[in-house]
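Descriptive analysis of the structure
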Amino acid sequence: MHKKTITSVAKFLTLGIFLILNSCGNTEKKTNTTTLSTDDKEVKKTVYASDVIPFFEDWKLILGDGSNAGIATNFEDKNFFYTAHDSDSDWIVFKAPNGGDTHGTSNNTRTELAQVKKWYPKTANDKLTATLKVMNVSTTGDARVAASYAVVVGQIHSADAHENEPLKIFYKKFPGHTKGAVFWHYEINTAGDDNSGRWDYSSAVWGNDFSVVGTGESTYPEEPKDGIALGEEFSYEVEVKDGMMTLKFTSEGHETKTFTKNLIASEYTTTADIPKQTQELFVPIGQDGVERKEAYTGEGCFFKLGAYNQTNGKSPEVNKNWCSGAETHGGDIQKQYADGNYAEVWFKTASISVSEAAVSNEGYFTKNDLK
């Protein structure tokens, strides 16, 4: 009897020790800082963006105050660019207010990576991939303005001539909606020296395209049934090879979508080629140009990735497609962040493949850093 009691106690103690050890093991969490012990002191080491996605030698970082931070290895800026931890993943955070200093000639702020090399579509074999989630878009704007409540999360940009954009990948969500839309744009490479007639053509991925707007300043269209919510992950792949751009969009629970676009032979060379969407959205405000026959042939292009906020404080009377009339608090960044007037995008993974034919893109930065 005494022997059985001792055995039972021993088993109970062994089980208790196991449960305690197992419990301690399960409570350990990874954060966006690493704690290092040095004697009796604890030192927290910052987890940088370059620790999360180690590809920063291929990019320069433009911040939401218009500055060029250069190659952002072991770099952070708590206002615009830093890391965060969610569930079991580290993320890179890109944040840009509605109003503030901008880079180049743009009306919009951005915290965005810009590729340090450029490549030529006709001979390209270049690829960009990313997995991300949009965490915030502006809470204010004019619902009749197509760019309100939107952010661009990936681009192809020309470094030459008009510096137009053969690709912009958008996320847009109206206030009060649970789900937003993902769509992409092709901007024509305008024929001639006058670029004022340029326009975009928008293609829906999930939800609506750019042309779906409100009927009043704060009257919103119907929420898209197949849209993407804030905080919901999606991925894109952009490949340009031998003049053709191929896009692939994936998200759990959503249909995978693929698109192709020829970047070296235009389909918009005459006014008769201007699509109905453009006739309704851009032509009424004088953006009725045609594209050069060879499209982006001969122009160096490069990838961009991050948060290019499409909402701004400019009056819609200036341009009803791109000027949002949103709250900017006179450019005060912290006030904008406090009441949701900013764009915020988190990236979990990304990759870039650069062809051997790519060349330095330094000329683009030289032209735009001081504007």
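From a predicted model like this one, the values you see are computed outputs, not experimental measurements.

With that settled, the discussion passes to the nonpolar core. Core analysis: the biggest nonpolar cluster contains 77 residues, and Phe81, Val153, Trp184, Tyr236, Leu305 and Phe347 have the highest contact counts within it. The greatest single-element share of this core, amounting to 6 residues, is contributed by strand β19 (residues 342–353). With sequence-adjacent residues up to four places away left out, Leu305 is seen in contact with Trp59, Phe94, Glu112, Leu113, Leu128, Ala130, Val153, Gly154, Tyr236, Phe347 and Ala350.

Attention shifts here to the packing of aromatic side chains. The full count for this structure, using the stated rule, is 27 aromatic pairs. Here Phe56 and Phe81 contribute two aromatic rings whose centre-to-centre distance is 6.0 Å and whose plane-to-plane angle is 70°, an arrangement assigned as edge-to-face. Here the residue Phe56 occupies a position in the loop between α2 (49–52) and β3 (59–62), and Phe81 occupies one in strand β5 (residues 81–86), the gap between them amounting to 25 residues. Members of the aromatic cluster, connected to one another through ring pairs, are Phe55, Phe56, Trp59, Phe75, Phe81, Phe94 and Phe347. Seen from the ring of Phe365, Lys60 lies directly overhead, with NZ or CZ sitting 4.9 Å from the centre. Positioned above the aromatic ring of Tyr342, the side-chain terminus of Lys95 is 4.8 Å from the ring centre.

Reading across the sheet, the 7 strands line up as β5-β6-β19-β9-β15-β16-β17 and stay open at both edges, with antiparallel pairing between neighbours. Across the chains shown, the open sheet's two edge strands, defined by having one partner strand only, are β5 and β17 (257–262). Averaged over all pairs of adjacent strands, the angle between their axes in this sheet comes to 30°, without regard to strand direction. Taken together, the 7 bridges between strand β15 (residues 234–241) and strand β16 (residues 244–250) define a ladder with antiparallel strand orientation. Opposite Tyr236, over in β16, you have Phe249 as the bridge partner.

Let's shift gears to the environment of Lys60. Here Lys60 shows up in strand β3. Along the sequence, Lys60 and Leu113 sit 53 residues apart, while their C-alpha atoms lie 5.6 Å from each other.

On to the side chain of Ser251. Within the secondary structure layout, Ser251 lies in the loop between β16 and β17. Classification of Ser251 by relative accessible area gives buried; the value is 9%. For Ser251, the contacting residues outside a window of four places in its chain are Trp206, Ile228, Glu232, Glu233 and Phe234.

For the rest of this paragraph, the subject is the pairing of strand β18 (residues 301–309). Each regular strand shows side chains that alternate between the opposite faces of the sheet. Burial runs high along β18: 9 of the 9 residues are buried. With 5 bridges connecting them, strand β7 (residues 110–115) and β18 associate as antiparallel partners. Within β18, the residue paired with Thr111 across the bridge is Ala307. Relative to β18, strand β10 (residues 150–158) runs antiparallel, the two sharing 7 bridges. When the sheet's bridge partners are listed, Gln155 is paired in β18 with Lys304.

Attention now goes to the confidence of the model for the chain. For any part of a model where pLDDT is low, the fine detail of the predicted coordinates should not be relied upon. Taken as a whole, the chain shows an average pLDDT of 91; of its residues, 89% reach a score of 70 or greater. Scored below 50 in pLDDT, residues 1–31 makes 5 contacts in the model with residues more than four places away or belonging to other chains.

The subject of this paragraph is the pattern of salt bridges. With the rule as written, the count across this model stands at 19 salt bridges. Residue Lys95 is joined to Glu344 by a salt bridge in which the shortest nitrogen-to-oxygen separation is 4.0 Å. Remark: Glu344 occurs in strand β19 and Lys95 occurs in strand β6 (residues 89–97); sequence separation between them is 249 residues. Here Lys95 and Glu344 have matching classes, each one buried.

Conventions adopted
Residues numbered from 1 in each chain as written. Predicted model: local features only at pLDDT ≥ 70, side-chain atom pairs only at ≥ 80, totals over all residues. Heavy atoms only, no water. Core = buried A, V, L, I, M, F, W, Y, C linked by side-chain atoms within 4.5 Å. Buried < 20%, exposed > 50% of the residue type's maximum accessible area, 1.4 Å probe, protein only. Helix = DSSP H or I, 4+ residues; strand = E, 2+ residues; numbered from the N terminus. Contact = heavy atoms within 4.5 Å. Phe/Tyr/Trp six-rings, centres within 6.5 Å; stacked < 30°, edge-to-face > 60°. Lys NZ or Arg CZ within 6 Å of the ring centre and 35° of its normal. Pairing = 2+ DSSP bridges. Axes fitted to C-alpha atoms, helices over the stretch in contact; angles between N-to-C directions. pLDDT = per-residue confidence, 0-100. Salt bridge = Lys/Arg side-chain N within 4 Å of Asp/Glu carboxyl O.

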